[in-house]
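Fold and contact review
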Amino acid sequence: MTANFERVFGRTKPVIGMVHIGALPGTPLFDPAFDLVAGARADLLALQEAGFDAVMFGNENDRPYEFKVDTASTATMAAIIGALKSEITVPFGVNVLWDPMSSVALGAATGAHFVREIFTGTYASDMGPWIPDAGAAMRYRNRLGRPDMAMLFNVSAEFAHSLDRRPLPDRARSAVFSSIPDAVLVSGQITGEAAALSDLEAVKAVLPDIAVMANTGVKHDTVADVLRIADGCIVGSSLKVDGDTWNAIDPDRARDFMDRVRAVRG
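Reference entry: report on the structure contained in this document. Just so it is clear, the model here is predicted, and its values are computed rather than measured.

What counts, and at which threshold
- Residues numbered from 1 in each chain as written.
- Predicted model: local features only at pLDDT ≥ 70, side-chain atom pairs only at ≥ 80, totals over all residues.
- Heavy atoms only, no water.
- Phe/Tyr/Trp six-rings, centres within 6.5 Å; stacked < 30°, edge-to-face > 60°.
- Helix = DSSP H or I, 4+ residues; strand = E, 2+ residues; numbered from the N terminus.
- Buried < 20%, exposed > 50% of the residue type's maximum accessible area, 1.4 Å probe, protein only.
- Lys NZ or Arg CZ within 6 Å of the ring centre and 35° of its normal.
- Core = buried A, V, L, I, M, F, W, Y, C linked by side-chain atoms within 4.5 Å.
- Contact = heavy atoms within 4.5 Å.
- Expected span 1.5 Å × (residues − 1).
- Polar contact = N/O pair within 3.5 Å; in protein donor to acceptor, adjacent residues only side chain to side chain.
- Pairing = 2+ DSSP bridges.
- Right-handed = clockwise from strand over helix to strand, strands pointing away.

Following the criterion strictly, the structure yields 11 aromatic pairs and no others. Their ring planes at 15° and their centres at 6.2 Å tell us that Phe52 and Phe257 sit as a pair that is stacked. Taken together, the residues span a long stretch of sequence, with Phe52 in the loop between helix 2 (36–50) and strand 2 (54–58) and Phe257 in helix 9 (residues 251–265) at a distance of 205 residues. Here the two residues Phe52 and Phe257 agree in accessibility, since each one is buried. Judged by centre distance (4.9 Å) and plane angle (65°), the rings of Trp98 and Trp130 are edge-to-face. Here Trp130 lies in strand 6 (residues 128–130) and Trp98 lies in the loop between strand 3 (92–95) and helix 4 (100–110), a separation of 32 residues in the sequence. For Trp98, a relative accessible area of 3% translates into the label buried. For Trp130, a relative accessible area of 2% corresponds to the buried category. The residue whose ring lies beneath Arg63 is Trp246, and the NZ or CZ to ring-centre distance is 3.7 Å.

So, on to the nonpolar core. Val15, Phe52, Phe57 and Phe257 are the most contacted members of the largest nonpolar core, which has 62 residues in total. Counting residues per element, this core draws most heavily on helix 2, at 6 residues. Here Phe257 is in contact with Val15, Phe52, Val218, Lys219, His220, Val223, Val235 and Leu239, once residues within four sequence places are set aside. If you look at the next biggest cluster of nonpolar residues, it comprises 15 residues, including Phe9, Met56, Leu152 and Ile234.

A separate point is helix 2. For helix 2, spanning 15 residues, the distance from its first C-alpha to its last is 22 Å, which sits close to the expected 21 Å at 1.5 Å a residue. The complete set of buried residues in helix 2 reads Leu36, Ala40, Asp43, Leu44, Ala46, Leu47, Gln48 and Ala50. Buried residues along helix 2 sit against strand 1 (15–20), strand 2, helix 3 (71–84) and helix 9. N-capping of helix 2 is provided by Asp35, with a side-chain oxygen placed 3.2 Å from the backbone N of Val37. Positive phi shows up at Gly51, right after helix 2, with a value of about 95°.

Where a strand is regular, its side chains alternate between the two sheet faces. Here strand 4 (residues 114–117) shows two buried faces, one formed by Phe114 and Arg116 and the other by Val115 and Glu117. Bridge count for strand 3 against strand 4 is 2 bridges, and the pairing is parallel. Its bridge partner being in strand 4, Gly93 is matched across the sheet by Phe114. Assessed by its sense of winding, the connection that carries the chain from strand 3 through helix 4 to strand 4 is right-handed. Looking at chain direction, strand 4 and strand 7 (residues 150–154) are connected through 4 bridges and run parallel. Along strand 7, the bridge assignment pairs Arg116 with Leu152.

Below, the structure is given as structure tokens:
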């Protein structure tokens, strides 16, 4: 594990719960009557009370997603996190879909412990050609004075198909060599859809010394199998009311999930 990963998460297999902020101003689903801070606060407190190791703030409701988000989106996310900062009791991360530079800026501005994004690869996606720049994002993080902020690299982009013909394990191994991530994330095809256990196994086999985490679709009845392979996971949809990505966190589902995690950890 990298020093940044161990500093943030220790040596346990961390489970990160998602705080899906409501649709932000200027986006198609924005509802001016919805209290963005209150919604995020309810999810944050439910996750913390359930015992999640960390939380991550994301803008999943800002569909359709963009590669370069409006400045107002990043600023609004910063304002929401700032309003909740005194209530955050666990390490937290951020993700501004699908904009690495805005994600890094938001993380630096809010004092986040980690950032998740697509930093490497070339993809054909629902949003058009997708060509992130890991070099620019990593340098930006350091220019902003946050070399301690862990970088979680999603190497199997959702809503997209990799134009790189190399097998996923080879792409993951290459990303680690060329870009120095603190963790590699393996995803399913869309939000809430599970990564194949065979993909997790294959990536972990070639990256024994780097944290490999399941990024999407981990469910109550699969978390034990996932954590026997992966070094942690990120979970959102399974914790929501009725298991629906777009609903609020269900405190009972969140507690049940972490009860199962603790059983796996022994």
